[in-house]
Amino acid sequence: MKMISIRRRHSYIGLFIAPSVLFFSLTGATQLFSLHEAHGKYQPPAIVEKLSSVHKDQVFAFGNHHAPPDSVPEAGKPPVKAQSPPATEDDGDKIELSTLMLKGFFLLVALCLALSTGFGLWMGLTQMHTKRIGWLLVAAGSLIPVTLLLI
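What counts and what doesn't
Residues numbered from 1 in each chain as written. Predicted model: local features only at pLDDT ≥ 70, side-chain atom pairs only at ≥ 80, totals over all residues. Heavy atoms only, no water. Helix = DSSP H or I, 4+ residues; strand = E, 2+ residues; numbered from the N terminus. Buried < 20%, exposed > 50% of the residue type's maximum accessible area, 1.4 Å probe, protein only. Contact = heavy atoms within 4.5 Å. Areas by Shrake-Rupley, 256 points an atom, 1.4 Å probe, with all protein chains shown as cover. Core = buried A, V, L, I, M, F, W, Y, C linked by side-chain atoms within 4.5 Å. Phe/Tyr/Trp six-rings, centres within 6.5 Å; stacked < 30°, edge-to-face > 60°. 1 Å grid on protein atoms, 1.4 Å probe; cavity = no way out; pocket = protein on both sides within 12 Å on 5 of 7 lines; lining within 4 Å. Points joined across faces, edges and corners; volume = space filled by probe spheres on them. Nonpolar A, V, L, I, M, F, W, Y, C, P; charged D, E, K, R; others polar.

A. Region of interest: the overall build of the protein chain. Check the secondary structure of the protein chain and you find 4 helices and 0 strands. Each helix and strand of the protein chain, placed in order from N terminus to C terminus, yields the pattern α-α-α-α. Here the protein chain holds 151 residues, and 18% of them are scored as buried. Summarising the internal contacts of the protein chain: among those between residues at least 6 apart in sequence, 56% fall at separations of at least 24. Carbon and sulfur atoms form 68% of the exposed surface of the protein chain, whose accessible area is close to 11,900 Å².

Structure representation (structure tokens):
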């Protein structure tokens, strides 16, 4: 296989998956800091919650779409709660800071992935000799998931 053939196929694959890569990188970035869930007085915008639901559960709807657990307590016995080991003050601060730093790093990765994908779309759509095929691949990569969500 010649290098030009490999480049062409790489471009076709990239243009086809680019809409999904953008979707997952951007919705994943919002989930890093739980911007898709209500907590305290914060109420996420409806579109963020619905798009997050597509990312996590492949359903365009509100709320949690997982089946409830089958844990039914036996008659007369209260349900058992899981207990976590006690954390010291030093451990709590260290875990929170390291978790925040890791979330920040993953946010940077998600945003760089979206930026790189945007550059790839631009290069693929402007540098190809057959621009029509490029736009058809982007359209197919966008419309197939939307259609599957609707049926």
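B. Layout of the nonpolar core. Core analysis: the largest hydrophobic core is formed by 7 residues, namely L15, A18, L121, L125, M128, L137 and V138. For this core, the secondary structure elements donating two or more residues are α1 (3-32), α3 (89-127) and α4 (131-150).

C. Spatial organisation of the packing of aromatic side chains. One pass over the full model with this rule turns up 2 aromatic pairs. A ring pair is formed by F23 and F24, whose centres lie 5.2 Å apart and whose planes are at 75°; its orientation type is edge-to-face. Measuring from ring centre to ring centre gives 5.8 Å for F105 and F106, while their planes differ by 55°; the resulting arrangement is tilted. Residue F105 is classed as partly exposed on the basis of its relative accessible area of 46%.

D. Up close: the layout of surface pockets. Reported here for the largest pocket is a volume of approximately 670 Å³. Residue lining of the largest pocket: 22 residues in total, with R7, H10, S11, Y12 and G124 positioned closest to the centre. For the lining of the largest pocket, the secondary-structure elements that each account for two or more residues are α1 and α3. It is α1 that contributes the most residues to the lining of the largest pocket, 12 residues altogether. Residue composition of the lining of the largest pocket, grouped by class: 10 nonpolar, 10 polar and 2 charged. Approximately 370 Å³ is the volume attributed to the second largest pocket.

E. Here's a closer look at the environment of M123. Tracing the sequence through the fold places M123 in helix α3. Taking relative accessible area as the criterion, M123 reaches 47% and is therefore assigned partly exposed. As a C-alpha pair, M123 and S11 span 112 residues in sequence and 8.9 Å in three-dimensional space.

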